[in-house]
Structures are given as C-alpha cells and as structure tokens.
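So the chains spell out like this:
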Amino acid sequence: MSGGNHRRLLDIRLKPGNDNRCADCNAEEPEWASYSIGVFLCATCCGIHRSLGTHISKTKGIKLDNWDDEQVAAMDELGNASAAKKYLVSVPPCYRRPDKNTPAVLKEQWIKAKYERLEFQNPERQLYLMDEKSGYLMKRGRDDGKFLSRRFELRGRENLLMYYTKEGAKSPKAKLPVDKLNCCFVPSKIGNLNGMQISYPDQRGHTRNIYVFSSDGKDIVDWYMAIRNVKLTRLRIGLPHVEESELVQRLTSDFILEGWLYKTGPDLKDAWKRRWFTFDRRKLLYFDEPLGAYAKGEIFLGEAGNDCSVYHGLPNGRTPCGVPFTLRVPAREYPLAAECEEEREQWMTAIKTVLATPLSLQEQAEARAWTCRR
C-alpha cells in the first residue's frame, strides 16, 4: 500500500462518525476495516466479520494490507455512521449493544444480527420481542453437576420463566419470577462459550443460581434478549415516569468481579476457608465452588460512611492468612484474604467503588428488606 493511502485511511478513521472507534463494539483505535461495508473494526470484531464470509464482509488490516484507491474511496464515502443508518434502523431498547468488554457470544450475535440476518432492518425477525418463548437448554443439575436437556418456557404476561425436568410433565420443576431474576454470561465458569447463569430469589429470599447453555449462540442470546424484553415491559408499566434509558440499565447486569478468596468466621477460633466470591451489583456472595446453586452467605453493601468500609489488614487477634483485608458492614466485619497483592487491590477497588455510589431507590428498598431478614 502506498504511503498516501495509508495516511488517508488513518485520517478517515478519525473523521466525525468514525471517531477512531470500532463500528461494532466501540473499541478505540481499530486496526481493521470492512471495505465492502465501509466500517472500521477492532481485531475481535474483524474475526467475526471474516466468519460471515466475503459475500457479506470483506476485511483488511489498515496497516498490514495493501489498499487500492477504490477501496480507500469506499471507506471515505461510507464509514461507521453511514453504515449504522443502514443496518441499525430498528434496534429494540431491550437489545444489549456490545462494548469492548462484552462477552464474546453477544458480540458475535450482534454482528450476525446486524449484517447477516439483517434483524434491525426487518423487525419481524426479532422473535425475542414476543411475550412467550419455549425451547430446550442444557441445564446443570444441582446435586450431580451434570448438564441435561431441559424444556424452558418464558411467559411474559405471567412474569414467569419455568423449566421442566420430565418430558411431557404438566407442572414445571421451578417457576422463576422474571422481574426479580438476573442473567449473565459466564462462559469460562461453565466451560462453554454460550454458558449463562440465571440468579433469582427463592421463597426464603435467598439467591438461587441455575446454569445453562445452548449449542447455538443465536438461541442462547435470543433467550437473554427475550428475558430482557419481558423485564423492560414490566418496568414500563410499574415505573411509567422513569426514562426508558434508565429502565434499560436495570434489566440485567454482568458480575463486577468473581474469584477465589479466603474467608474466616466471626469467632477467633474459626479456620480460614477458601470460597468462591461473586460480586453482583451491591451483593457479595460466597460459595463452596464456582457453580454453586446456593451461596454459603450473602453480604449487602450499603454506602461508605454508614458503617460500611473496607481496609487493609485484619482485626486484632486474627491469625494471618494470604494477603488480608477486612470488609465492614453494619452487621459485622468479614476478614478476607487474597492470593496476591494484585488480587487484593482488585477486590478492594471494586468494593470501594460500590460503597462510594449512592443507593438508588430500588437499592434502598432492598437494603430495608435485607435488614428485616437479619
């Protein structure tokens, strides 16, 4: 490629509408492009474009490959903003648009929906906007840990997600309240790129987790979007004066942080035990193992200054373990320990960030309910 074309591409990448961003996940300084569509791409999204086939998207490296004048002119004429006007005519509010940190299956299906299936040009193809959905997912058994095919049903008007353990059964094994559940992708934990965790409060108010996956990326993402759509519909009815952009933020959330920590109990004689911790919004849950159905314990984090804090080290009299730190909440202090300094700082930074964030009205209600449970 001539130096002139190379400089032109870099200038085009900076133009308003391109903004030095990936067209599909908004990552900065994209090094690739689809010259047939006319968009700039990060390496990850470019890999997905290549899987679509050259009949849909033809890609090149901005710096690595040769570009002729016609291809550069196409990039100049089209660009990210122009492509968005064409391919994103009707994106439903419940549909989660990916960023650079979004799980891989969501990026993949966003790109396929956008350019291959043309879902956002053809709203009738957005089947996840229906109130009902049924199908089969592989679900992990609570007791034996085996993944078996189970029939799931989503009934939006009844606010229920149900699953059945026996074929032909009239009654479901469990009924999950959609407005109170959260679902997020946990591929590394489940060991499947399409792995999803669904968490919801049981009748006692304790968090129950189920783990599912599908062999089809589109199928699992359709379930995810269908759940988000039902949640959004209910929020619109319950909170008619709240802006939709704010309601969308309440649909689902990825975990802030997960990993192993050491924990000891309130008694000075209690031993240190290794637990799997999940940081979910304002809740810190700990389990015997990563795929636990029920947490061994749950900690609600309020606001800093309301007897909530985190600090290096341990309370007096505690036997040292690992790289320690202590979490203080109104109910008690939790002595914790990480494997290394870096992990401790990750956890402490995440906790401090949440403690510094004011409670929303929804979280204030949750905090009151938490106090009543204690």
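Note that the coordinates shown come from a computational prediction; the quantities given were computed from them, not determined experimentally.

Caption draft 1: Up close: the packing of aromatic side chains. Scanning all chains against the criterion turns up 13 aromatic pairs. On the numbers, 5.1 Å between centres and 85° between planes, the contact of Tyr 95 with Phe 120 is edge-to-face. One end of the pair, Tyr 95, is in the loop between helix H4 (80–87) and helix H5 (104–116); the other, Phe 120, is in the loop between H5 and strand S4 (132–140), and 25 residues separate them in sequence. By relative accessible area, Tyr 95 is classed as buried at 5%. With a centroid separation of 5.4 Å and 80° between ring planes, the pair formed by Trp 260 and Trp 276 is classed as edge-to-face. You can see Trp 260 sitting in strand S11 (residues 257–263) and its partner Trp 276 sitting in strand S12 (residues 273–280), a full 16 residues away along the chain. Owing to a relative accessible area of 25%, Trp 260 belongs among the partly exposed residues under this scheme. Through a chain of ring-to-ring contacts, the aromatic side chains of Tyr 95, Trp 110, Phe 120 and Tyr 128 assemble into a single cluster. One cation-aromatic arrangement involves Lys 133 over Trp 223; the distance from NZ or CZ to the ring centre is 4.9 Å. The ring centre of Tyr 334 lies 4.0 Å from the NZ or CZ of Arg 332, which sits over that ring.

Caption draft 2: Seen up close, helix H2 (residues 43–52). Among the residues making up H2, those that are buried are Cys 45, Cys 46, Ile 48, His 49 and Leu 52. Viewed end-on, H2 has its buried residues packed into an arc of 160°, placing them on one side of the element. H2 presents Ala 43 and Ser 51 as exposed residues on the side facing more than 90 degrees away from its buried surface. Among the structural elements, strand S1 (32–34), strand S2 (39–41), strand S3 (59–61) and H5 are those in contact with the buried residues of H2. Just downstream of H2, Gly 53 is the residue with a positive phi angle, here 100°.

Caption draft 3: The pairing of strand S9 (residues 196–201), seen in detail. Summarising burial for S9: 5 of the 6 residues are buried, a large majority. With 4 bridges joining them, strand S8 (residues 182–185) and S9 adopt antiparallel strand pairing. What sits directly across from Phe 185, in S9, is Met 196. Bridge count between S9 and strand S10 (residues 207–213): 6 bridges; the pairing is antiparallel. Residue pairing across strands places Ile 198 opposite Ile 210, the latter belonging to S10. Hairpin connection from S9 to S10: 5 residues lie between these consecutive antiparallel strands, with Gly 205 at a positive phi of about 90°.

Caption draft 4: Region of interest: the nonpolar core. Of all hydrophobic cores here, the largest spans 50 residues; its most connected members are Tyr 95, Leu 161, Leu 176 and Ile 198. Sort the elements by how many residues they give to this core and helix H7 (residues 217–238) lands first, with 8 residues. Setting aside its immediate chain neighbours within four residues, Leu 161 contacts Phe 152, Glu 153, Leu 154, Ala 174, Lys 175, Leu 176, Val 178, Leu 181, Ile 198, Trp 223 and Ile 227. By size, the runner-up hydrophobic cluster in this structure holds 21 residues, among which are Leu 261, Phe 279, Leu 327 and Ala 350.

Caption draft 5: Structural detail: the state of the cysteines. On inspection of all chains with the given rule, the structure shows 0 disulfides. The cysteine Cys 22 is free of any disulfide, with Cys 45 supplying the nearest cysteine sulfur at 3.8 Å. Given the relative accessible area of 2%, Cys 22 is considered buried. With no disulfide of its own, Cys 46 has Cys 42 as its nearest cysteine by sulfur position, at a separation of 8.3 Å.

Caption draft 6: Just the packing of H5 against H7, in detail. Their axes nearest at 10 Å, the elements H5 and H7 cross at an angle of 95°. As far as their axial angle goes, H7 and H5 are roughly perpendicular. Residues Val 105, Leu 106 and Gln 109 of H5 pack against Gly 217, Lys 218, Ile 220, Val 221, Tyr 224 and Met 225 of H7. Among the residues making up the contact of H5 with H7, the classes are represented as 6 nonpolar, 2 polar and 1 charged.

Calculation criteria
Residues numbered from 1 in each chain as written. Predicted model: local features only at pLDDT ≥ 70, side-chain atom pairs only at ≥ 80, totals over all residues. Heavy atoms only, no water. Phe/Tyr/Trp six-rings, centres within 6.5 Å; stacked < 30°, edge-to-face > 60°. Helix = DSSP H or I, 4+ residues; strand = E, 2+ residues; numbered from the N terminus. Buried < 20%, exposed > 50% of the residue type's maximum accessible area, 1.4 Å probe, protein only. Lys NZ or Arg CZ within 6 Å of the ring centre and 35° of its normal. Arc of directions from axis to C-beta. Contact = heavy atoms within 4.5 Å. Pairing = 2+ DSSP bridges. Core = buried A, V, L, I, M, F, W, Y, C linked by side-chain atoms within 4.5 Å. Disulfide = S-S within 2.5 Å. Axes fitted to C-alpha atoms, helices over the stretch in contact; angles between N-to-C directions. Parallel < 35°, antiparallel > 145°, perpendicular 65-115°, else oblique. Nonpolar A, V, L, I, M, F, W, Y, C, P; charged D, E, K, R; others polar.

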